[in-house]
Structures are given as structure tokens and as C-alpha cells.
Amino acid sequence: MPTLLHIDSSAVADGSVSREVTAAFRAAWLAEHPDGTVIHRDLAAAPIPHLELHGITAGFAPAEAHSAEQAAAFALREELMAELEGADAVVIGTPMYNFTIPSTLKAWLDQVILVGRTAGEEPSAKGTPVTVVAARGGSYAPGAPREPFEFVTTYLEKVLTGMLGLEVDFIVPEFTLAANVPAMADFVPQAAESKAQALEQAARRGKELAARVAV
Ligand SMILES: Cc1cc2nc3c(=O)[nH]c(=O)nc-3n(C[C@H](O)[C@H](O)[C@H](O)COP(=O)(O)O)c2cc1C
């Protein structure tokens, strides 16, 4: 059964640009696989606990040696890693919060990244395509004054590729705050264009990746 892992992390439920664009990706993917499975992790509605000591130590001990606390902590890691490993495609929506990803998404990454399994020499989900929708209020495009402050795509590219071995693609709607911040009024047309482009890219990418799944 073709499976899509859909992750959202915007704290905003209605009016979130990243959520709108991940939904467009999902709709395009599902149009090709109407009977496909979508696992939706809404990290704002149902946050994942931070990785803590028992979850860390459990990752380096055999299951039969786990204490009750380690077993409980590792059960969540196991569930999240299995969701990643079982996915034919992944779509992740992330806002930029204070130049980087929301802590809810970082918590998911910390639980999922386990060297020797999902990360390391032979990552277990190696090659799985992941589309990241990274929405931001301003612009951090090459040449923009704020370019050096961009720690969303620069960070995710390193961690998703370099650690998890995934095939990463970014869709970046910019200037999303233009309509609400008077000082950004001049950027309203760019915001609309950037969002329209993002929706179009998401629909195309969703369809493209759905076609890669052998059924
Ligand atoms: C707590 C918080 C911090 C933010 N920090 C930044 C920032 O550093 N740079 C930026 O361009 N926009 C920033 N924004 C604006 C969001 O990136 C923007 O609203 C984006 O569209 C959020 O994604 P969403 O529409 O999916 O919720 C911030 C918004 C919030 C709520």
C-alpha cells in the first residue's frame, strides 16, 4: 500500500501557509493513489515529547536489556522511526520561528534520528523523497539582507540529507507576513506570487512522487 508521511508543525491551525501547501501536496499525491495511506503527524495539535535520557540510552542497548522506563521511551521512538521507514514519500510543513524550525519539529527529529538505524552509514530510510514546505514571514533568498539568518532550509538540508540519507526538496513561500505588517506592504504582490508558485510546485511534486511508487 503506497504510504505518505505528512508532518505539519505550524502552531497556526487556520491561515497557515505551510499547512495549505502541504495539503496541496497531499491532495495531488492522493489523487494518484486514492487507496493510499496517509499518516498525518500534527506536531502542534499533538506534540511529541522531547527526547530524554531513557530514550537516548535505550537507543544504544538491546531491547531485552531495557528497563521499564527505557522500554516506554523507546516505544515512541520505534513508532516514529517505523513511520519514516514505511513511507514512500514524506512531506513536512515548517514555519520559520526566530530564524529556525519550531521546537516541535526538532523534537520529532531528535526522536527519529538514531545512529546505527535511521542515521549513520546505511540509513534505514535512505533515498526516500522528502518535500519540505518552509514558510517564512520575510525573505531570506540569496542576496536578501537577511540571507545569513536562514537556519530552516540550511539546517534541514544537512540533517535530512546528511543524517537520514533522504532525498530532499524545498518549497519556500516567502513574505507571508506582508499583508499583516504595514512596513511590508510593498511586498504583498511578491507574497501572492510566492504562495501561488508554492502551491503549484507542491501539486506537481506530489504527482511526480506518487508516480514513483510501484503499485
Ligand atoms: C513565534 C514566531 C516567530 C517568527 N519568526 C520569524 C522569523 O524569524 N523570520 C520570519 O521571516 N518570519 C517569522 N515568523 C513569521 C512566520 O515564519 C510566518 O508567519 C510563516 O508564514 C509561518 O508559517 P505558517 O503560515 O505555516 O504558520 C515568525 C512567526 C512566529 C509566530
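In this report, the structure presented in the accompanying data block is examined. The shown structure was predicted, so the numbers you read here are calculated from the model rather than taken from an experiment.

About the cut-offs
The residue numbers shown here count from 1 along each chain, following its written sequence. Totals for whole chains, interfaces and linings use all residues, but because this is a predicted model, local features are given only for residues with pLDDT of at least 70 and pairs of side-chain atoms are given and counted only at 80 or more. As a convention, hydrogens and water are excluded, and side-chain values are obtained from all of the structure's heavy atoms. Under the DSSP-based scheme used, a helix requires at least four consecutive residues in state H or I and a strand at least two consecutive residues in state E, with every element numbered from the N terminus. To sort residues, take the accessible area from a 1.4 Å probe on protein chains only and compare it with the maximum for the residue type: under 20% means buried, over 50% means exposed, and anything in between is partly exposed. Should any heavy atoms of two residues lie within 4.5 Å, those residues are considered in contact. The set of buried Ala, Val, Leu, Ile, Met, Phe, Trp, Tyr and Cys residues whose side-chain atoms join them within 4.5 Å is what this entry labels a nonpolar core. Detection works on a 1 Å grid of protein atoms alone, calling trapped sets that fit a 1.4 Å probe cavities and calling open sets with protein on both sides within 12 Å along at least five of seven lines pockets, with lining residues defined by an atom within 4 Å of a point. Grid points are joined across faces, edges and corners, and a volume is the space filled by probe spheres set on the points. One less than the residue count of a helix, multiplied by 1.5 Å, gives the span that helix is expected to have. To get an axis, fit a line to the C-alpha atoms, keeping to the stretch in contact for a helix; angles then go from 0 to 180 degrees between the N-to-C directions. Under this scheme an angle from 65 to 115 degrees is roughly perpendicular, one under 35 degrees roughly parallel, and one over 145 degrees roughly antiparallel; angles in between are oblique. In this scheme the handedness of a crossing depends on how the near helix is turned from the far one: anticlockwise by less than a right angle means left-handed, clockwise means right-handed. Residues are grouped as follows: Ala, Val, Leu, Ile, Met, Phe, Trp, Tyr, Cys and Pro are nonpolar; Asp, Glu, Lys and Arg are charged; every other residue, Gly included, is polar.

## Digging into the environment of Ala 107
Logical step 1: For Ala 107, the position within the fold is in helix α4 (residues 103-112).
Logical step 2: Note on Ala 107: relative accessible area 3%, which makes it buried.
Logical step 3: Linking Ala 107 and Ser 67, residues 40 residues apart in sequence, is a C-alpha distance of 22 Å.
Logical step 4: Look past the residues within four positions of Ala 107 in its chain and what remains in contact with it is Ile 48, Pro 49 and His 50.

## Concerning the side chain of Thr 22
Logical step 1: If you trace the backbone, Thr 22 turns up in helix α1 (residues 17-32).
Logical step 2: Residue Thr 22 is classed as buried on the basis of its relative accessible area, which comes to 0%.
Logical step 3: Among residues more than four places away in sequence, those in contact with Thr 22 are His 6, Asp 8, Val 91, Ile 92, Gly 93 and Val 133.

## A closer look at the nonpolar core
Considering soluble globular proteins, one finds that nonpolar side chains tend to be buried as a cluster.
Logical step 1: Counting residues in each nonpolar core, the largest one holds 28 residues, and the members touching the most others are Ile 92, Trp 108, Leu 109, Leu 156 and Leu 160.
Logical step 2: Mapped by element, the contributors of at least two residues to this core are β1 (3-8), α3 (68-85), β3 (89-95), α4, β4 (129-135) and α5 (153-163).
Logical step 3: Looking at which element gives the most residues to this core, the answer is α4, with 4 residues.
Logical step 4: Among all residues touching Leu 160, those that are not within four sequence positions of it are Ile 92, Leu 109, Val 130, Val 132, Gly 165, Leu 166 and Val 168.

## Let's talk about the layout of surface pockets
Logical step 1: By volume, the largest pocket is sized at about 510 Å³.
Logical step 2: Taken together, 28 residues make up the lining of the largest pocket; nearest its centre are Val 17, Arg 136, Gly 137, Thr 176 and Leu 177.
Logical step 3: Where the lining of the largest pocket is concerned, the elements lending two or more residues are α1 and α6 (188-212).
Logical step 4: If you tally residues by element for the lining of the largest pocket, the top one is α6, at 5 residues.

## Focus on α3
Logical step 1: The end-to-end C-alpha separation of α3 is 25 Å, in line with the 26 Å expected for 18 residues at 1.5 Å each.
Logical step 2: Taken together, the buried positions of α3 are occupied by Gln 70, Ala 73, Phe 74, Arg 77, Leu 80, Met 81, Glu 83 and Leu 84.
Logical step 3: Buried residues along α3 sit in contact with β1, β2 (37-42), α2 (53-58), β3 and α4.

## Concerning the environment of Gly 137
Logical step 1: Locating Gly 137 in the fold gives a position in the loop between β4 and α5.
Logical step 2: On the accessibility criterion, Gly 137 (16% relative accessible area) is buried.
Logical step 3: Residues Gly 137 and Glu 52, spaced 85 residues apart in sequence, show a C-alpha to C-alpha distance of 32 Å.
Logical step 4: Those residues in contact with Gly 137 that lie beyond four places of it in its chain are Phe 175, Thr 176, Leu 177, Ala 178 and Met 184.

## Some details on the packing of α4 against α5
Logical step 1: Packing of α4 against α5 brings their axes to within 12 Å, and their N-to-C directions diverge by 15°. Classified by the interaxial angle, the pair formed by α4 and α5 is roughly parallel. In this structure, α4 meets α5 at a crossing whose hand is left-handed. Every residue of α5 that contacts α4 at Leu 105, Lys 106 and Leu 109 is listed here: Tyr 155, Leu 156, Val 159 and Leu 160.
Logical step 2: Its residues assigned to classes, the contact of α4 with α5 shows 6 nonpolar, no polar and 1 charged.

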